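# Per-entry structural report
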Protein chains: 2
Amino acid sequence: MTSPRTTAPGTPPGQGTPSLAVSLDATHLHPGVTDPVMDSMRLLSETAFRYPDAISFASGRPYEEFFAFEDLHRYLDRFVADLRDRGLPEERVKRAVFQYGPTNGVIRDAVARMLATDESIHTTPDSILITHGCQEAILVALRGLFVSPDDVLLTVSPCYVGVTGAAKLLDIPVEAVPERAYGLDPEDVAAVAHRVRSAGKRPVACYVTADFANPSGHSLPLSARRRLLEVAEEHDLLILEDNPYGLFGRAGEQLPTIKALDDSRRVIYLGSFAKTAFPGARVGYLVADQPVVSADGSARPFAEELAKVKSMVTVNTAGIAQAVIGGLLAESGYSLRAATRRLADLYVGHLDLTLACLAEHFPPEDFATHGVRWNVPTGGFFLLVETPFDVDIPALERSARDHGVAWAPMRMFYVGEGGANVIRLGFSSLTRDEVREGIHRLAEFIRASSKG
Amino acid sequence: MTSPRTTAPGTPPGQGTPSLAVSLDATHLHPGVTDPVMDSMRLLSETAFRYPDAISFASGRPYEEFFAFEDLHRYLDRFVADLRDRGLPEERVKRAVFQYGPTNGVIRDAVARMLATDESIHTTPDSILITHGCQEAILVALRGLFVSPDDVLLTVSPCYVGVTGAAKLLDIPVEAVPERAYGLDPEDVAAVAHRVRSAGKRPVACYVTADFANPSGHSLPLSARRRLLEVAEEHDLLILEDNPYGLFGRAGEQLPTIKALDDSRRVIYLGSFAKTAFPGARVGYLVADQPVVSADGSARPFAEELAKVKSMVTVNTAGIAQAVIGGLLAESGYSLRAATRRLADLYVGHLDLTLACLAEHFPPEDFATHGVRWNVPTGGFFLLVETPFDVDIPALERSARDHGVAWAPMRMFYVGEGGANVIRLGFSSLTRDEVREGIHRLAEFIRASSKG
């Protein structure tokens, strides 16, 4: 016997009169809909929406001042012109933008060139899959790798919600590798992998951001990157390296990505143009150069196999979006590191200003009375502020309503419990004046809440 | 004990010298990668790719001659101008195109207007979710609805591979409702739903295309549409109605969609702009107006709940792609039926021409000798040709190589066995001359193969 999924008659929302319409019982829907984390994401946006005048440190949106419509037209024209210059007949030029396209994408060459220039990642186009933003790359990679309920994903915790959310959609079990005060420790990855395997399960891959992680802002030192590759080898893990913020550090302080150090193809690299170009293109990619051996002994790069998964998610990445990103890459000489230096300096300036304002409002010598401390990332979009009280959605509501400042509660990002009294500050979309005024307001909120 | 997922050392593909690189064993990857159907899709494309000079009836690509780059620029400008005209401040206009956007989409109003005008589907923007093509809408709807291994999806068989493929990615069991010679019979849906429930499982939803189905070309008569809604009610099913081709019938012969007849919100409607605008936008949508009742008694349209799933697949649909489609909708006065009439006439003309050429090469009076017959759809992109021999990928290879004509083997579209001797012809992307010459070549291939 099964219970009915739907109820009839019911009253549809927003309508006064009952009708014969069915209604769906939320408890019968997939946890991807009903999970509390999904709901707190919604509540976070809704709170931001209800207080549009609050200065918002809640998001990881890129800075908007440099967006210009004429750029879109020019990038598109550039992409088209380059195809024509290569002698492609006009119907094939049109096809690249307008028609269904190859599932793997039409700008893989350009991305491969960019990766070689900017990241010393040397790969071939057939190891690249272009996706609708990095989120789709995460989902597709997870889907390809995880088969049975015994296949476990390790993630750093706190973690970008897109990873735990995608795992939730695919019913993939997740084991947290808790970050330490200094960030992720590779020995902790080894310990969790060992524990998982001892329990008769399979630790398949570990998700990590080496540069300026969301949400914590932490980066891995070079020694930890190398050690993580050894751990992957020792425990037969793949590393899912996500790198949306890597270009936004101080000039001259760049560390190699884990993928750039990866001699044994242990790393699947997840890339995004949301922060280096603009989010509204929704173009990302993955690099998966692992040979997949079929029953007949033939081998193809994992990216080509993952294209089959991608084809069942979105068929292929929008030609028009790829064209715009392709045009931008061409215009930048296939180096986003050079093209985004001005933006990187702006973000580093915002980071320094945020840190300076925090130090001004919460002087270290008064720590005993205010109990507020924060970490000091070396780049990226985020930093963490520890408060002497619990921060949750109601606290955010008070902060936005009474003090005109919004932020994200860190507890949302933990796999399991954690971060109950920690705030994530994202400063990337604000002006310098907003950063100053916002930290001033935040200090007022923290002082008011500490008294309570 | 678990066996290793990776093998080291191995030899990466395309490299002569062995290295320490790991390789992945295909048998350890998800069926979304390893399923034979996924592979035959790839083989189909590869065969088409190897014989670029073959006239291809293999795809469902829209006609390309009307694609024009200046349209893209103009649609984008129109979308931007309309936002400005509504008094939106410039930073919010930019945000709509460049920035992360609302997960549900920014062109829901425009889609709601279009649905009212073109399809007599009267809904509100909050029941609409804009997606990266209809494929994402299918995946997101399935994910939200299907929870346990006992939740069964019913699909018409033969079926669009995007549906069975998405179900495969999500490990959703599928039960076929075999089409009859005249198409889908609602009583067959009832019988399969009954059988599934008798086995202690839950028939959650049935996927169906009422107008010019892919792959069969069949349409449902009005009586069957009404009866299907009754069956849904009697067996507590939702209907997933996919409608990519609905506008491409003969002028004046339009039937109401199932959604337009749906008084009790039994239908989730799946829409696409791939054929009415262009595939390279990858913009589609779903209409899910079912109220979802939460534990606290509050209710919101299912589309808003599904937005949480969508946020973990692609975050939101590309602003630039939505802008282009939004501009096109505005320019068309929110009626694609009117705007695509010229295109619809062209497709109907192609259909008629294909049928005429088939009748010419395989006259009915000679049926006893040639054994070739076909169905007669009333619109859309596809029709079926039954041959007196087995058609598979090797047969396609012979057809493309020796006779210069490609097509799709119908067996790829069956849930289970079926269609072994049937060819799908898609005529939408060809010129009239190519249709004539292509059917001529097809006749040669069929005659040559029949002798064998």
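All values derive from a computational prediction rather than experimental measurement. (Residues numbered from 1 in each chain as written. Chains lettered and ligands numbered in written order. Predicted model: local features only at pLDDT ≥ 70, side-chain atom pairs only at ≥ 80, totals over all residues.)

## Considerations on the sheet that holds strand 14 (residues 382-386) of chain A
Residues and elements named next belong to chain A. Cut-off, in case you're wondering: Strand pairing is assigned whenever DSSP identifies at least 2 bridges connecting the two strands. A run of DSSP states H or I qualifies as a helix once it reaches four residues; a run of E qualifies as a strand once it reaches two. Both are numbered from the N-terminal end.
In space, the four strands of this open sheet follow the order 13-14-17-16, with antiparallel pairing throughout. The open sheet terminates on both sides in strands that have one partner only, identified here as strand 13 (373-374) and strand 16 (408-409). Pairing geometry for strand 14 and strand 17 (residues 422-426), over five bridges, is antiparallel. Along strand 17, the bridge assignment pairs Val385 with Ile423.

## Remarks on the domain arrangement of chain A
Residues and elements named next belong to chain A. Inclusion rule: Boundaries of every domain are those given by an automatic assignment or by a domain database. Each residue is represented by a C-beta atom placed from its backbone, and any two residues with such atoms within 7 Å are regarded as in contact. For this scheme, ten residues count as nonpolar: Ala, Val, Leu, Ile, Met, Phe, Trp, Tyr, Cys and Pro. Four count as charged, namely Asp, Glu, Lys and Arg, and the remainder, Gly too, count as polar.
Each assigned domain of chain A is listed here: domain 1 (33-65 + 341-451) and domain 2 (71-338). Contact residues are listed per partner, giving 28 residues for domain 1 and 28 residues for domain 2. Of all the secondary-structure elements, those providing two or more residues to the side of domain 1 that touches domain 2 are helix 2 (36-50), helix 13 (341-361) and strand 14. Counting residues per element, the side of domain 1 that touches domain 2 draws most heavily on helix 13, which supplies four residues. Among the residues forming the side of domain 1 that touches domain 2, the class breakdown is 17 nonpolar, eight polar and three charged.

## What about the pairing of strand 10 (residues 284-287) of chain A?
Residue and element names in this part refer to chain A. Quick note on the threshold: Three exposure classes are used. Buried residues have 20 or more other C-beta atoms within 10 Å of their own C-beta, exposed residues have 12 or fewer, and partly exposed residues fall in between, all C-beta atoms being placed from the backbone.
Residues Gly284 and Leu286 of strand 10 are buried on one face, and the alternating residues Tyr285 and Val287, pointing to the opposite face, are buried as well. Pairing of strand 4 (residues 128-131) with strand 10, which is carried by four bridges, proceeds in the antiparallel orientation. Directly across from Thr131, in strand 10, lies its bridge partner Gly284. Examined bridge by bridge, strand 9 (residues 267-272) and strand 10 share four bridges and lie antiparallel to one another. The residue bridging Leu270 from the neighbouring strand is Leu286, located in strand 10.

## Quick notes on unusual backbone geometry
Residues and elements named next belong to chain A. Between Ser157 and the following residue, Pro158, the backbone shows a cis peptide bond with an omega angle of 5°. Of note, the phi angle at Asp236 is positive, near 50°, even though the residue is not glycine. Within the secondary structure, Asp236 sits in the loop between helix 9 (222-234) and strand 8 (238-242). Residue class for Asp236 comes out buried when judged on the 20 C-beta atoms lying within 10 Å of it. Located in the positive-phi region is Tyr334, a residue other than glycine, with phi close to 60°.

## Description of the interface of chain A and chain B
Accessible area lost upon the coming together of the parts serves often as the stated size of an interface. Between chain A and chain B, the residue contacts involve 87 residues of the former and 88 residues of the latter. It is helix 6 (residues 133-145) of chain A that contributes the most residues to the side of chain A that touches chain B, seven residues altogether. Residue composition of the side of chain A that touches chain B, by class: 45 nonpolar, 22 polar and 20 charged. Pairing of strand 2 (residues 23-25) of chain A with strand 11 (residues 291-293) of chain B involves two bridges; the strand directions are parallel. Across the sheet, residue Asp25(A) finds its bridge partner in strand 11 of chain B, namely Val293(B).

## Notes on the confidence of the model for chain A
Residues and elements named next belong to chain A. The condition that has to hold: The predictor's confidence in any single residue is recorded as pLDDT, a number from 0 to 100.
For chain A, per-residue confidence averages 93 on the pLDDT scale, and 95% of positions sit at 70 or higher. Within the model, pLDDT remains below 50 along residues 8-19, and this stretch shows 20 contacts once partners closer than five positions in the same chain are excluded. In the predicted assembly, ipTM is 0.95 and pTM is 0.95.

## Comments concerning the relation of the copies chain A and chain B
Quick note on the threshold: Only residues with pLDDT of at least 70 in both copies count here: their C-alpha atoms drive the least-squares fit that superposes the copies.
Rotating chain A by 180° about the axis while translating it 0.0 Å along that axis superimposes it on chain B, leaving an RMSD of 0.0 Å. Taken together, the rotation and translation relating the two chain copies correspond to the operation of a two-fold axis. Interface overlap between copies is the fraction of interface residues in one copy that are interface residues in the other; for chain A against chain B it reaches 100%, indicating a shared surface.

## Here's the deal with helix 4 (residues 90-98) of chain B
Regarding helix 4 of chain B, the residues found buried are Val93(B), Lys94(B), Arg95(B), Ala96(B), Val97(B) and Phe98(B). On its buried face, helix 4 of chain B sits against helix 3 (69-85) and helix 11 (319-331) of chain B.

## Structural notes on the sheet that holds strand 7 (residues 202-208) of chain A
All names here are of chain A. Definition in use: Every angle, taken between N-to-C directions, lies between 0 and 180 degrees, and every axis is a line fitted to C-alpha atoms, over only the stretch in contact when it is a helix.
If you walk across this open sheet you meet the seven strands as 4-10-9-8-7-5-6, and the pairing is mixed. What marks the edges here is a single partner per strand, and that holds for strand 4 and strand 6 (174-178). Neighbour to neighbour, the strand axes of the sheet diverge by 20° on average, direction disregarded. Judged from the five bridges that link them, strand 5 (residues 151-157) and strand 6 form a sheet pairing that is parallel. Counted as the bridge partner of Val156 is Val177 from strand 6. The strands touched by helix 8 (residues 186-198) are strand 5, strand 6 and strand 7; relative to strand 6, the strand with the most contacts, the crossing angle is about 150°.

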